[in-house]
Amino acid sequence: MRAGHQGTGPGTITPDGCAVELYSRLPVGADPDIVAAAVPAGAHILELGCGVGRVTHPLLERGFTVTAVDESPEMLDRVRGARTVCAPIEDLDLGESFDVVMLTSFLVHSADVGLRRALLRTCVRHLAAGGCVLIQREGADWHTNVPRERADPSGLTVRIASAEPVGDGVNSVYAEYVFPDATWTQTFLSRPLTDEQFDAALAEEGLTAQAYLTDDRTWVRAGLAA
Ligand SMILES: C[S@@+](CC[C@H](N)C(=O)[O-])C[C@H]1O[C@@H](n2cnc3c(N)ncnc32)[C@H](O)[C@@H]1O
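Here is what the cut-offs are and how they apply
Residues numbered from 1 in each chain as written. Predicted model: local features only at pLDDT ≥ 70, side-chain atom pairs only at ≥ 80, totals over all residues. Near = placed C-beta within 6 Å. Nonpolar A, V, L, I, M, F, W, Y, C, P; charged D, E, K, R; others polar. Helix = DSSP H or I, 4+ residues; strand = E, 2+ residues; numbered from the N terminus. Buried ≥ 20, exposed ≤ 12 C-beta atoms within 10 Å, placed from the backbone. Pairing = 2+ DSSP bridges. Axes fitted to C-alpha atoms, helices over the stretch in contact; angles between N-to-C directions. Contact = placed C-beta atoms within 7 Å. UniProt positions renumbered as here; feature names shortened; annotations may be inferred.

**Digging into the site of the ligand**
Line of reasoning, step 1. With respect to spatial proximity, 19 residues lie near the ligand, and among them Gly49, Gly51, Arg54, Glu71 and Ile89 are the closest.
Line of reasoning, step 2. When grouped by side-chain class, the residues that make up the shell around the ligand number 8 nonpolar, 6 polar and 5 charged.

**Things to note about the environment of Ala41**
Line of reasoning, step 1. Counting through the fold element by element, Ala41 comes out in the loop between helix H2 (31-38) and strand S2 (44-48).
Line of reasoning, step 2. For Ala41, a count of 8 C-beta atoms within 10 Å gives the class exposed.
Line of reasoning, step 3. A C-alpha to C-alpha distance of 17 Å links Ala41 and Ala129, two positions 88 residues apart in sequence.

**Quick word on the sheet that holds strand S3 (residues 65-70)**
Line of reasoning, step 1. Spatially, the 7 strands line up as an open sheet ordered S4-S3-S2-S5-S6-S12-S11, and their pairing is mixed. In the strand order of this sheet, the two ends are held by strand S4 (83-86) and strand S11 (207-212), each with one partner. Pairwise comparison of adjacent strand axes, ignoring direction, gives a mean angle of 25° for this sheet.
Line of reasoning, step 2. With 5 bridges connecting them, strand S5 (residues 98-103) and strand S6 (residues 127-136) associate as parallel partners. The residue bridging Val101 from the neighbouring strand is Val133, located in S6.
Line of reasoning, step 3. Contacts from helix H6 (residues 195-204) reach S11 and strand S12 (219-224) within the one sheet, and its direction differs from that of S11 by about 135°.

**Some details on the UniProt feature "domain: Methyltransferase type" (unreviewed entry) in the chain**
Line of reasoning, step 1. The sites that UniProt annotates as "domain: Methyltransferase type" (unreviewed entry) are residues 46-135.
Line of reasoning, step 2. With 26% helix and 31% strand, residues 46-135 has its two end C-alpha atoms placed 12 Å apart.

**Focus: the sheet that holds strand S7 (residues 148-151)**
Working definition: the strands of a sheet are paired by backbone hydrogen bonds and lie parallel or antiparallel to each other.
Line of reasoning, step 1. Across the sheet, 5 strands lie side by side as S1-S10-S9-S8-S7; this open sheet has antiparallel pairing. Sheet topology places strand S1 (6-8) and S7 at the edges, where each strand pairs with a single neighbour. With direction set aside, neighbouring strand axes in the sheet form an average angle of 15°.

Shown next, in the form of structure tokens:
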């Protein structure tokens, strides 16, 4: 397991505490439409941390080509129709460039600043000229508005039970995912980033935010700084 991360519930748990069975069940929501509206039609997308393909599959259905990367072979086993690569994102060097690189699922909030920098460097290393990086950030109040919960029509309740400081600006977050027949939990470390800190993190790796794609500013399109 990655330090500070753990998960409970049926099935395989990945090093960052995610459950393969949970991600196979979670509804996908608006994410594929947000991506599709922000990038050129038919683009080749490098998706970093793809999981079971929850977002990958709708992107393929929308006509994109996707290279899907994850460090969990059990997650990748469930991806269909995309080229898959099993690797830690921070070490990835495919020797190829892509129109779009996606660093989603709040990976930019890595507690380890060195790891965050390596994740962003991977994005830059794989970016084609004129391409863009799509980054998914946490919402501004996600660490202070706790506990909170959201009920999904699918029967799922997502509860963010706590976000406790563990030092150096990092919080340990505890989340529960409750279905009528099964419950999963995940504990993970996250470093909240103000807009200024987020911009500085991008700038460290030569990136700049070009557009916020959602009103809550959680989806960002970034590109190489001029
Ligand atoms: C929260 S899940 C989200 C999966 C997918 N993006 C989705 O929205 O359904 C995060 C995924 O990223 C993968 N992951 C996390 N950190 C990683 C790293 N440093 N390198 C490779 N994969 C990583 C995990 O194995 C897991 O499958």
